[in-house]
Amino acid sequence: MTSGSRFWGAAAAAASLVFGAGPDPDPNLQAVQIVCGRCHTTKVFLKEPRSWERWNDVFADMTQRGANGTDEQLERVTTYFLENLTLVNVNTSPAEELTGVLTVSNDVADVIIARRQKQPFANLAQLAAIPGVDREKLEQRKSRILF
Ligand code: HEC
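Predicted, not measured: the structure shown is a model, and the values here were computed from it. (Residues numbered from 1 in each chain as written. Predicted model: local features only at pLDDT ≥ 70, side-chain atom pairs only at ≥ 80, totals over all residues. Heavy atoms only, no water.)

Caption draft 1: Spotlight on the site of the ligand. What surrounds the ligand is a group of 16 residues, the closest being Cys 36, Cys 39, His 40, Arg 50 and Met 62. Contacts to the ligand include His 40, whose side-chain N or O atom sits 2.8 Å from a nitrogen atom. The separation between an oxygen atom of the ligand and a polar side-chain atom of Arg 50 is 2.8 Å. Because more than half of its atoms lie within 2 Å of the grid, the ligand is assigned to the largest pocket. Elements with a contribution of two residues or more to the shell around the ligand: helix 2 (27–36) and helix 3 (52–65). In terms of residue count, helix 3 provides more of the shell around the ligand than any other element does, four residues in total. For the shell around the ligand, the residue count by class is 11 nonpolar, two polar and three charged. (Near = heavy atom within 4 Å. Polar contact = N/O pair within 3.5 Å; in protein donor to acceptor, adjacent residues only side chain to side chain. 1 Å grid on protein atoms, 1.4 Å probe; cavity = no way out; pocket = protein on both sides within 12 Å on 5 of 7 lines; lining within 4 Å. Sits in = over half its atoms within 2 Å of the grid points. Helix = DSSP H or I, 4+ residues; strand = E, 2+ residues; numbered from the N terminus. Nonpolar A, V, L, I, M, F, W, Y, C, P; charged D, E, K, R; others polar.)

In structure tokens form, the structure reads like this:
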């Protein structure tokens, strides 16, 4: 199964190319509040990381209940969830989740995948040693980075 949203396919693909959340107020979080805060408070999900697959199930469920937004808003929502609320497994997750959660380029994700096929990553330090991986982001996101 691919990791891109099965429902917001194009938005998810584009979102993996969007880097950084920008200065505050975070425009991606603003989009989450507009798109996902319409029917209930965003507190129902803002503190609970899940796998990308599980988020896609939630997006599908909410879409059925009437959640919607512009392409740009949905792209921002996707980026926000990947960067802030999604769990990734460095040794098993597909490239799209690595780029989204770690905020690395496709090339860097390919290097991570090539490396793990030879020898699985054991810890954050090994991941941080890959050129192009941002140590500061890893440190911020380490609770969501699994091995
Ligand atoms: C059109 C209204 C509506 C919008 C917009 C909406 N939701 Fe919901 N959401 C609901 C309803 C209704 C429930 C309660 C479902 C239940 O109790 O089973 C719910 C429940 C939830 C839950 C708790 C259930 C679960 O699966 O854990 C989560 C998480 C959630 N929404 C996330 C989101 C996210 C993320 C967005 C934005 C992409 C969003 N919602 C947008 C209507 C909406």
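Caption draft 2: Molecular detail of the layout of surface pockets. One number sums up the size of the largest pocket: a volume of about 290 Å³. The wall of the largest pocket is formed by 18 residues, among which Cys 36, His 40, Phe 45, Val 58 and Met 62 lie closest to the centre. Contributions of two or more residues to the lining of the largest pocket are made by helix 2 and helix 3. When residues of the lining of the largest pocket are assigned to their parent elements, the largest contribution, six residues, is made by helix 3. In terms of residue class, the lining of the largest pocket is made up of 12 nonpolar, three polar and three charged. (Points joined across faces, edges and corners; volume = space filled by probe spheres on them.)

Caption draft 3: Quick peek at helix 4 (residues 71–85). Counted at 1.5 Å a residue, the expected span for helix 4 with its 15 residues is 21 Å, and the 20 Å between its end C-alpha atoms agrees. Within the span of helix 4, buried status applies to Leu 74, Val 77, Thr 78, Thr 79, Tyr 80, Phe 81, Leu 82, Glu 83 and Leu 85. (Expected span 1.5 Å × (residues − 1). Buried < 20%, exposed > 50% of the residue type's maximum accessible area, 1.4 Å probe, protein only.)

Caption draft 4: Fine view of the coordination of the iron atom of the ligand. Looking at the iron atom of the ligand, one finds its protein donor set to be His 40 (NE2) and Met 62 (SD), positioned 2.0 to 2.2 Å from the metal centre. Classification of the site at the iron atom of the ligand as octahedral follows from its six donor atoms and the range of 87 to 180° in their angles at the metal. Taken together, the positions of His 40 in the loop between helix 2 and strand 1 (50–51) and Met 62 in helix 3 put the pair 22 residues apart, joining distant regions of the chain. (Donors = N, O, S within 2.8 Å, 3.2 Å for Na, K, Ca; no water. Tetrahedral: all angles 85-135°; square planar, octahedral: opposite > 155°, others 65-115°.)

Caption draft 5: Structural view of the nonpolar core. Core analysis: the largest hydrophobic core is formed by 31 residues, its most contacted members being Phe 81, Leu 102, Ile 112, Leu 127 and Val 133. Sorting the residues of this core by element identifies helix 2, helix 3, helix 4, helix 5 (95–102), helix 6 (106–118) and helix 7 (124–128) as the ones contributing at least two each. Counting residues per element, this core draws most heavily on helix 4, which supplies six residues. When we break this core down by domain, the ones giving at least three residues each are domain 1 (24–86) and domain 2 (90–146). (Core = buried A, V, L, I, M, F, W, Y, C linked by side-chain atoms within 4.5 Å. Domains from an automatic or database assignment.)

Caption draft 6: How the structure looks around the pattern of salt bridges. By the definition in use, this model includes five salt bridges. We note a salt bridge from Arg 76 to Glu 72, for which the minimum N-O separation is 2.9 Å. Residue Arg 76 and its partner Glu 72 are both found in helix 4; the two are separated by four residues, about one turn of the helix. Among the residues examined, Arg 76 registers a relative accessible area of 26% and is labelled partly exposed. (Salt bridge = Lys/Arg side-chain N within 4 Å of Asp/Glu carboxyl O.)

Caption draft 7: Local environment of the packing of helix 3 against helix 4. Where helix 3 contacts helix 4, the two axes come as close as 11 Å, and the packing angle between them is 145°. The way helix 3 lies across helix 4 gives a crossing that is right-handed. Residue-level contacts link Trp 52, Trp 55 and Phe 59 of helix 3 to Thr 78, Phe 81, Leu 82 and Leu 85 of helix 4. Of the residues in the contact of helix 3 with helix 4, the class split is six nonpolar, one polar and no charged. (Axes fitted to C-alpha atoms, helices over the stretch in contact; angles between N-to-C directions. Left-handed = near helix turned anticlockwise from the far one by under 90°. Contact = heavy atoms within 4.5 Å.)

Purely geometric stuff here, so don't read any function into it on its own.
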